[in-house]
Amino acid sequence: MKHIATILITLLSFLNISAQEQNRKTISLLTCEPSNNQIYTAWGHSALRVCDPENGIDMVFNYGIFSFDEIGTFIYRFVKGETDYMLGVSTFQHSKRDAVRKNAHLYEQVLNLNDEETEKICDALFENAKPENCYYRYNFFYDNCATRPRVVIEKSVDGEITYPQTGNRRTYRDIIHEMLKEMKWYTLGIDMCMGSPTDNVVEGKDIQFLPIEMMKCFEEAAKPNGEKLVKETNLIYTPIAQETEADFASKINPAFACWMLLVLIIVHTLFYTYINKNDKWFDGLFFGIAGLIGFALSLLSFFSEHPCTFPNFNLLWINPLQLIFAISLISKRGENVKNKFHQLNLGLIGITIITGWTILPQELNINCLPLMLSLATRSLHWLKPNFFKIGQKKANEI
């Protein structure tokens, strides 16, 4: 009888411990893999799950919420780099539905935390979710939806978490190219906006600005006492195979479009040289668009809080001076000044082409080359119209 009683007591104790373990409050890192649905889904996403079965709580804390209340204010603040994101709170079921909508893998890493560490994280999350605390200044590389949860976790642990060596040799720009390999137009635009610091190698745990990379690091991370940081990893959602229809812009390769523009610029220049006319309206539009782009790049480089936008050597070949020239075409005066602009424009473009892929400490997008040559063609035509003569017809004969 004593043996039977001992067995029963042991079994009841085991069942009681199992029940307590099942009802124990847990913290999990949720990671949604990148998807090509939209530009904002191409990077993936991270969030923290708080599961407290005993109190019926299953909530997700998401640092990736942004308000588009006033679109004009949003654009202005985005250009300045003053993008304020907020911590939003939703249910776990809502996060699962979001993964289904994006059709992307959703992983859960249950963290190996004691009760004190768990409570510290819960307290921090609920405190940060208060209206007066929920906003923060978003920084794509250094302070985003992935790095915020990591900081909360690190502060809850007494000591320093040890992350594995990733051996990464990629630059920020390399990573951007990888993540946007199906979005070539976005790649071109970002390459033009981001300056030379984007070509620095991503070192240490800075690689964790990408949610999927942080998930990999967490899998091998260790707490100060040597225990693994992650207790178990679960696959919450597996995407289904489905065909996605590309939009019109993504069907056109930027390389083809840019080189075709150069061809059209050369044909246009040859035609107007042949009929002995000058198309100031075309130059006004062409250099005006280039100047507006250069003006936007100048704002990003010199006045924005965005990281890695200064210095930007793209400003050598596309800059606000081109906008000033376009406006000056309204006036018939100042021909000498206009000629000086084109001399300077040709010189800067020439320097960029010669040094851009060899000496400059910034990787220029190769699709910028035909754009440079297009601007150079129009400047050369302004300075040396006879350069493009292959036969000429008098204007009064047309």
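Bear in mind that the values here come from a model prediction, so they are computed numbers and not experimental data. (Residues numbered from 1 in each chain as written. Predicted model: local features only at pLDDT ≥ 70, side-chain atom pairs only at ≥ 80, totals over all residues. Heavy atoms only, no water.)

Caption draft 1: Highlighting the overall build of the chain. Each helix and strand in the chain was counted, giving 14 helices and 7 strands. A total of 398 residues make up the chain; the buried ones form 41% of that total. Sequence-distant contacts in the chain: of pairs separated by 6 or more residues, those separated by 24 or more amount to 75%. Looking at the chain as shown, the accessible area adds up to about 22,100 Å², and 61% of this sits on carbon and sulfur atoms. (Helix = DSSP H or I, 4+ residues; strand = E, 2+ residues; numbered from the N terminus. Buried < 20%, exposed > 50% of the residue type's maximum accessible area, 1.4 Å probe, protein only. Contact = heavy atoms within 4.5 Å. Areas by Shrake-Rupley, 256 points an atom, 1.4 Å probe, with all protein chains shown as cover.)

Caption draft 2: Layout of unusual backbone geometry. That bond from Phe310 to Pro311 is cis: its omega, -5 degrees, falls within 30 degrees of zero. Note that Pro311 resides in the loop between α11 (280-302) and α12 (321-328). Positive phi values are uncommon outside glycine, yet Asn103 reaches one of about 55 degrees. Relative to the assigned elements, Asn103 resides in the loop between α3 (92-102) and β5 (106-111).

Caption draft 3: Structural context of the pattern of salt bridges. Taken as a whole and judged by the stated rule, the model has 20 salt bridges. The partner of Glu119 in a salt bridge is Lys25, with the nearest N and O atoms 2.9 Å apart. Taken together, the residues Glu119 in helix α4 (residues 115-128) and Lys25 in the loop between α1 (2-23) and β1 (26-32) connect sequence positions 94 residues apart. Close ionic contact of Asp143 with Arg148 constitutes a salt bridge, the shortest N to O distance being 2.8 Å. One continuous salt-bridge network, built from bridges that share partners, spans Arg49, Asp58 and Glu108. (Salt bridge = Lys/Arg side-chain N within 4 Å of Asp/Glu carboxyl O.)

Caption draft 4: Molecular detail of the confidence of the model for the chain. In this model, the chain carries a mean pLDDT of 87, and residues with pLDDT of at least 70 account for 86%. Per-residue pLDDT stays below 50 along residues 7-20; that stretch engages in 0 contacts with residues further than four places along the chain or on separate chains. Contacts of residues 394-398 to residues separated by more than four positions or lying in other chains number 5 contacts, the stretch itself having pLDDT below 50. (pLDDT = per-residue confidence, 0-100.)

Caption draft 5: Highlighting the pairing of strand β4 (residues 84-91). Of the strand pairs in this sheet, strand β3 (residues 57-65) and β4 are connected by 5 bridges, and their pairing is antiparallel. In the sheet register, Met59 faces β4, and the bridge partner there is Thr91. Pairing of β4 with strand β6 (residues 135-137) involves 3 bridges; the strand directions are antiparallel. If you follow Asp84 over to β6, its bridge partner there is Arg137. (Pairing = 2+ DSSP bridges.)

Caption draft 6: Summary view of the environment of His105. With respect to the element layout, His105 can be found in the loop between α3 and β5. When its relative accessible area of 22% is taken as the criterion, His105 is described as partly exposed. Put simply, His105 and Thr31 are 74 residues apart on the chain and 8.1 Å apart in space, counted from C-alpha to C-alpha. Apart from residues lying up to four places away in sequence, His105 is in contact with Thr31, Cys32, Glu33, Leu235, Tyr237, Thr238 and Pro239.

Caption draft 7: Quick peek at the side chain of Thr31. Topologically, Thr31 is positioned in strand β1. Since its relative accessible area comes to 0%, Thr31 is described here as buried. The residues contacting Thr31, other than those within four sequence positions of it, are His45, Ser46, His105, Leu106, Tyr107, Gln109, Pro211, Ile212 and Met215.

Caption draft 8: Summary view of the pairing of β1. Burial of β1 is extensive: 7 of the 7 residues sit out of reach of the surface. Of the two faces of β1, the one lined by Thr26, Ser28, Leu30 and Cys32 and the one lined by Ile27, Leu29 and Thr31 are each fully buried. Pairing of β1 with strand β2 (residues 45-52), which is carried by 7 bridges, proceeds in the antiparallel orientation. Across the sheet, Ile27 pairs through a bridge with Val50, a residue of β2. Inspection of the sheet shows β1 paired to β5 by 5 bridges, in the antiparallel sense. Of the residues in β5, the one forming a bridge with Ser28 is Val110.

Caption draft 9: How the structure looks around the packing of aromatic side chains. A full pass over the atoms with the stated rule returns 20 aromatic pairs. Where Tyr142 meets Tyr172, the ring centres are 6.1 Å apart and the plane angle is 80 degrees; that geometry is what we call edge-to-face. Of this pair, Tyr142 sits in the loop between β6 and α5 (147-156) while Tyr172 sits in helix α6 (residues 172-179), placing them 30 residues apart in sequence. Centre to centre, the rings of Tyr172 and Phe209 are 5.7 Å apart; their planes meet at 50 degrees, and the pair counts as tilted. (Phe/Tyr/Trp six-rings, centres within 6.5 Å; stacked < 30°, edge-to-face > 60°.)

Caption draft 10: A look at helix α7 (residues 184-193). Three or more residues of α7 are buried, namely Thr187, Leu188, Asp191 and Met192. Buried positions in α7, seen along its axis, are confined to an arc of 130 degrees and lie on one side of it. The secondary structure elements touched by the buried residues of α7 are α6, α10 (254-274), α11 and α14 (368-383). (Arc of directions from axis to C-beta.)

Caption draft 11: Examining the sheet that holds strand β7 (residues 230-237) more closely. Pairing within the open sheet is antiparallel, and its 7 strands lie in the order β6-β4-β3-β2-β1-β5-β7. Either end of the sheet is taken by a strand with one partner, and the two such strands are β6 and β7. Along the sheet, successive strands turn relative to each other by an average axial angle of 25 degrees, direction set aside. (Axes fitted to C-alpha atoms, helices over the stretch in contact; angles between N-to-C directions.)

Caption draft 12: Highlighting the packing of α4 against α5. Packing of α4 against α5 brings their axes to within 8 Å, and their N-to-C directions diverge by 135 degrees. By the criterion of interaxial angle, the relationship of α4 to α5 is oblique. In the packing of α4 onto α5, the handedness of the crossing is right-handed. On the side of α4, the interface is formed by Glu117, Lys120, Ile121, Ala124, Leu125 and Asn128, while α5 contributes Val152, Ile153 and Ser156. Looking at the contact of α4 with α5 residue by residue, the classes come out as 5 nonpolar, 2 polar and 2 charged. (Parallel < 35°, antiparallel > 145°, perpendicular 65-115°, else oblique. Left-handed = near helix turned anticlockwise from the far one by under 90°. Nonpolar A, V, L, I, M, F, W, Y, C, P; charged D, E, K, R; others polar.)

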